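# Survey of secondary and tertiary structure
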Number of protein chains: 2
Amino acid sequence: MLAKSSENIPDIVIGRLPLYLRALRRLQQEEKDVTSSHELGKRLDISSAQIRKDLSHFGGFGKQGTGYRIEYLIEKLQDVLQVNQEWMVVVVGAGNLGIAISRYRGFQDRGFRIAHLFDVSPQKIGLAIDEFVVKPIADLNKTIRDEGIKIAMLAVPAEHAQSVADQLVDAGVQAILNYAPINITVPSSVQIQYIDPVTHLQHMTYYLNEG
Amino acid sequence: MLAKSSENIPDIVIGRLPLYLRALRRLQQEEKDVTSSHELGKRLDISSAQIRKDLSHFGGFGKQGTGYRIEYLIEKLQDVLQVNQEWMVVVVGAGNLGIAISRYRGFQDRGFRIAHLFDVSPQKIGLAIDEFVVKPIADLNKTIRDEGIKIAMLAVPAEHAQSVADQLVDAGVQAILNYAPINITVPSSVQIQYIDPVTHLQHMTYYLNEG
C-alpha cells in the first residue's frame with residue numbers, strides 16, 4: 001500500500017484520481033495494456049503535465065518514455081483511494097431518486113455495495129424494491145452501528161436533508177453523498193459531497209453558441 | 001459580456017467556475033456582500049491562489065485587498081458561463097431517475113428549465129408527471145428542432161444510452177448530461193458530461209479509516 005499520509009495532498013488532486021481510475025478502466029475494457037499521460041490527458045481534457053504531477057504525489061507509477069502499465073496503475077489508484085475493498089452504503093429516501101440509486105448498475109466492481117434502503121413513510125416501509133425491503137428510518141441508527149456502515153447516500157427532499165444527515169453522523173457515518181439541492185453542515189471529520197447536475201450543465205453552456 | 005474567446009482557457013478551469021458560482025450564491029443567501037479568495041477557498045477546499053488565477057483569466061474581478069463584491073462576481077460568472085438566460089432542457093427516460101430529475105428543484109434560477117420528458121415505452125407515453133406529459137421518443141427529433149433545444153439529460157438504461165445520444169445529436173442537441181453508467185461517443189462539437197456517483201464516493205473513501 002502506498003503511503004498516503006506522508007504528505008498532505010491537495011483535495012483537488014484527490015478528486016481527480018477517480019477520474020483517472022475510470023478512464024483507465026475504460027482503456028482496459030478496450031484491451032489496452034499501456035497508456036501515457038498524453039493519452040489519458042486527451043481523454044479527460046486535462047494536461048499531461050497535470051496528470052504526471054498528480055500521480056507523482058504517490059510515487060513513480062511509470063517510467064519516462066515507456067508510459068503507465070494500466071493494470072498496475074489501476075491497482076495502485078484503488079489502493080490509494082481505498083476501493084480495493086467493498087464498502088457498504090445506505091441509501092436514505094425511497095422516492096424515485098432513492099429507488100433509481102438502489103438500481104444503479106454503476107457501483108459494481110468499483111468498491112461499493114448498497115446494503116439498505118431507508119424511508120420515513122409508512123407507505124414505503126416494507127416495500128420490496130428488487131432485493132431491498134425498505135426499512136424504517138427508526139432503525140437507521142442501530143443498523144449503521146451494528147453493521148459498521150460508514151457511507152450514506154442522501155435522496156430525501158431538501159427540507160429533510162439536514163436532519164437526516166445529523167442522524168447519519170450520530171450513527172457513525174463518515175461520508176455522505178447528498179443529492180438534495182441544499183447545502184448540508186457536517187462536522188469537519190465527516191466527508192460530504194454533492195451530486196449537482198447544474199454544475200455540469202453550467203460547465204457545458206460555457207461552450208454553447210448562444211440560444 | 002466578458003471576452004471568453006480571447007484566450008483558450010483550460011477546461012479544468014471552466015469546470016471550477018460553476019462551483020465558485022454555487023459557493024457565491026450560498027454566501028449571498030447568508031446575506032454577505034463581499035468575499036475573498038481566501039474565504040471562497042476555505043469553503044471549496046481549493047487554494048486561494050488557484051481561485052485568483054482561475055478568475056484572472058476573465059479579467060480582474062476584485063481589487064487587491066478589498067475582496068470580491070459577491071453580486072458583481074455572480075453576474076460576471078453567469079455571463080461567462082452563459083447562464084444569464086434560461087436554457088430549455090429535455091429529459092429522455094421517464095423511469096424513476098427521469099421522474100426524479102423532472103421534479104428536481106435545484107434548476108430554478110440557475111439557468112435551466114426542463115421543457116419535456118420523453119420515453120419509448122407505451123406504458124409511460126401520455127402519463128402526467130406533475131406538469132409534464134411524457135412524450136414519445138418518436139417526437140424527439142421534431143420537438144428539439146422546432147423549439148431549438150440544445151441541452152439534454154439522459155436517464156435511460158445503459159444499453160440504450162448510445163443510440164438515444166445519437167438521436168439527440170442528430171436533432172441538434174449540443175450538450176448531453178448522461179446519468180447512465182456507460183461511456184458515450186459524441187462528435188467533438190458536442191459537449192458531454194457524466195453524473196457518476198462513484199467518482200464522488202471514491203473521492204471520499206480516500207479520507208476514511210479502513211473498514
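Residues numbered from 1 in each chain as written. Chains lettered and ligands numbered in written order. Predicted model: local features only at pLDDT ≥ 70, side-chain atom pairs only at ≥ 80, totals over all residues. Heavy atoms only, no water.

## Overview of the relation of the copies chain B and chain A
Applied cut-off: All copies are superposed by least squares; the fitting set is the C-alpha atoms of residues with a pLDDT of at least 70 in both. The contact criterion used is simple: two residues touch if any of their non-hydrogen atoms lie within 4.5 Å.
You can overlay chain B on chain A at an RMSD of 0.0 Å; the transform is a turn of 180° with a shift of 0.0 Å along its axis. The superposition of one copy onto the other is thereby described by a two-fold rotation axis. The position closest to the rotation axis in chain B is occupied by the C-alpha of N96(B), lying 2.2 Å away. In this assembly, 100% of the residues forming the interface of chain B have copies in chain A that are likewise at the interface, indicating an isologous arrangement.

## Structural notes on the sheet that holds strand β10 (residues 175-178) of chain B
Residue and element names in this part refer to chain B. Applicable threshold: Here, any two strands with at least 2 DSSP bridges between them count as paired. Strands here mean DSSP runs of E at least two residues long; helices mean DSSP runs of H or I at least four residues long; both are numbered from the N terminus.
Here we have six strands laid out as an open sheet, ordered β8-β5-β4-β9-β10-β11, and parallel in their pairing. Edge positions in the sheet fall to β8 (135-136) and β11 (191-194), since each of these pairs with one other strand and no more. By the bridge criterion, four bridges tie strand β4 (residues 87-92) to strand β9 (residues 151-154) in an arrangement that is parallel. Residue V92 lies in a different strand from β9, and its bridge partner there is L154.

## Section: the confidence of the model for chain A
Here is the rule we go by: A residue's pLDDT is simply how confident the predictor is in it, with values from 0 to 100.
Summing up the model confidence of chain A, the mean pLDDT is 92 and the portion of residues at 70 or higher is 93%. Scored below 50 in pLDDT, residues 1-5 of chain A makes ten contacts in the model with residues more than four places away or belonging to other chains.

## Some remarks on the pairing of strand β5 (residues 112-119) of chain A
Residue and element names in this part refer to chain A. Put simply, the rule reads: Relative accessibility decides the category of a residue: with a 1.4 Å probe and only protein chains considered, values under 20% of the type maximum give buried, values over 50% give exposed, and everything between is partly exposed. By definition, the crossover connecting two strands over a helix is right-handed if that path, from the first strand to the second, turns clockwise as seen with the strands pointing away from the viewer.
For β5, the tally of buried residues reaches seven of eight residues, placing the bulk of the element in the interior. Across six bridges, the pairing between strand β4 (residues 87-92) and β5 is parallel. Across the sheet, V89 pairs through a bridge with I114, a residue of β5. With helix α5 (residues 96-103) bridging β4 and the parallel β5, this β-α-β connection has right-handed handedness.

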